[in-house]
Amino acid sequence: TYEQRSDAAQIGIFRRAHNRGVDRQKASMIHPLNAQFIRPLMPKPGFSSFILLNGNCQGIDVLMAMIGTLPAPPTELILSSLSANMDTFDALDTIQCHKEILISSYFLATNPNNLIGKLHRQGRLKNYTIGMWRNHTKHMLIRGPGYSIFARGSANLRSSGCIESMDITNDPGLYDFNRDW
């Protein structure tokens, strides 16, 4: 069991305008979530936050916004998701630490573009360990100097047009428990 501490200041709702905005020049271009909106919701050590994402979002946008609020770059990043897309890897390529990603075997088997194979042929997976199994979890583990973040929610790393939620906890014990799992 895990005892969770939070306060009213650590609960937030992102409205559609805060999640992803459509560029007026190119309707298909979507701008990622800004770190300024997630900064006040990042939990202090030993605390948790809850975020409700209302509208179109990508889990990778939330991850990148979270990393943008941290006091130092991560030294470890472990992700699990049902799916990912090229936006996911374009963003993850900007993070310097080794990345471990667990993606659903269903997604890999049914992805018509063979994203992982394409990235491998392009030589872009040298800083990754990628695993697959019958996975439906959406977890993020982010560790660096002074923080051990474990986040879980409903958002995949790729886009979703649904309302999504996320719990973010800054606790080394919970981080280690989930890392070991």
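Calculation criteria
- Residue positions are counted from 1 within each chain, in the order its sequence is given.
- It should be noted that, the model being predicted, local features are given only for residues of pLDDT at least 70 and side-chain atom pairs only at 80 or more, the latter also being counted only at that level, while totals for whole chains, interfaces and linings use all residues.
- Hydrogen atoms and water are omitted, and side-chain values are computed over all heavy atoms in the structure.
- Working definition: helices are DSSP H or I runs of at least four residues, strands are E runs of at least two. Numbering for both runs from the N terminus.
- The buried label goes to any residue with under 20% of its type's maximum accessible area, the exposed label to any with over 50%, and the partly exposed label to all in between, with areas taken from a 1.4 Å probe on protein chains only.
- Residue contacts are counted whenever heavy atoms from the two residues lie within 4.5 Å of one another.
- The term salt bridge refers to a pairing of a side-chain nitrogen on Lys or Arg with a carboxyl oxygen on Asp or Glu at a separation within 4 Å.
- Every residue carries a pLDDT, the predictor's confidence in it, which falls somewhere between 0 and 100.
- Pairing of aromatic side chains requires ring centres within 6.5 Å, counting the rings of Phe and Tyr and the six-membered ring of Trp. Pairs whose planes differ by under 30 degrees are stacked, by over 60 edge-to-face, and all others tilted.
- We call a charge positioned above a ring when the Lys NZ or Arg CZ atom is no farther than 6 Å from the ring centre and deviates by at most 35 degrees from the ring normal.
- For the purpose of charge, His is not counted, nor are the chain termini; Lys and Arg are scored as positive and Asp and Glu as negative.
- In protein, a polar contact requires one atom able to donate a hydrogen and another able to accept it; more generally it is a pair of N or O atoms within 3.5 Å, and residues adjacent in sequence count only if both atoms are side-chain atoms.
- Our arc is simply the arc of the directions from the helix axis toward the C-beta atoms.

> I'd love a proper account of the side chain of S83, names of residues and values included.
Tracing the backbone shows S83 in the loop between β6 (76-81) and α4 (86-92). Judged by its relative accessible area of 0%, S83 is buried. Among all residues touching S83, those that are not within four sequence positions of it are I103, F107, N156, L157 and R158.

> Report on the pattern of salt bridges, specifying residues and quantitative values.
Counted under the stated rule, the structure contains four salt bridges. The partner of E76 in a salt bridge is R179, with the nearest N and O atoms 2.6 Å apart. Taken together, the positions of E76 in strand β6 and R179 in helix α7 (residues 172-180) put the pair 103 residues apart, joining distant regions of the chain. A salt bridge links D90 to R124; its shortest N-O distance comes to 2.9 Å. You can see D90 sitting in helix α4 and its partner R124 sitting in the loop between α6 (115-121) and β8 (128-133), a full 34 residues away along the chain. Among the ionic contacts, a cluster of salt bridges with common partners joins D90, D93 and R124.

> So what about the confidence of the model for the chain? Which residues, and what values?
For any part of a model where pLDDT is low, the fine detail of the predicted coordinates should not be relied upon. Confidence in the prediction of the chain, expressed as mean pLDDT, is 79, and 77% of residues score 70 or more. Mean pLDDT across the elements of the chain bottoms out in helix α1 (residues 16-19) (38) and peaks in strand β9 (residues 139-144) (96). Across residues 8-31, where pLDDT falls below 50, the model places 54 contacts with residues more than four positions away in sequence or in other chains.

> Got a sec to walk through helix α3 (residues 59-69)? Specific residues and values, please.
Three- or four-residue spacings in an α-helix give side chains the same orientation, since the helix completes a turn every 3.6 residues. Where burial is concerned, most of α3 is hidden: nine out of the 11 residues are buried. Those residues of α3 not exposed but buried are G59, I60, D61, V62, L63, A65, M66, I67 and T69.

> Lay out the packing of aromatic side chains with the relevant residues and their values.
This model, assessed by the stated rule, comprises two aromatic pairs. Positioned over the ring face of Y128 is K99, at 5.0 Å from the centre of the ring.

> I'd like to hear about the side chain of K99, residue by residue, with values.
Considering the arrangement of structural elements, one finds K99 in strand β7 (residues 99-104). One buried charged residue, K99, remains without a salt bridge, the closest side chain of opposite sign being D93 at 5.5 Å. Reaching out from K99, the side chain makes a polar contact with the backbone oxygen of C97 at a distance of 3.0 Å. Residues within four places of K99 in sequence aside, it is in contact with L77, L92, N127, Y128 and T129.

> Would you mind going over the environment of T129 in detail, with residue names and values included?
Take T129: it is sitting in strand β8. Setting aside its immediate chain neighbours within four residues, T129 contacts H98, K99, E100 and I101. At 2.7 Å, the side chain of T129 forms a polar contact with the side chain of H98.

> Account for α7, with residues named and values stated.
L174, Y175 and N178 are the residues of α7 that are buried. Each buried residue of α7 lies within a common arc of 105 degrees when the element is viewed along its axis, so the set occupies one face. Structural note: α7 exposes F177 and D180 on the side pointing more than 90 degrees away from its buried face. N-capping of α7 is provided by D171, with a side-chain oxygen placed 3.0 Å from the backbone N of G173.

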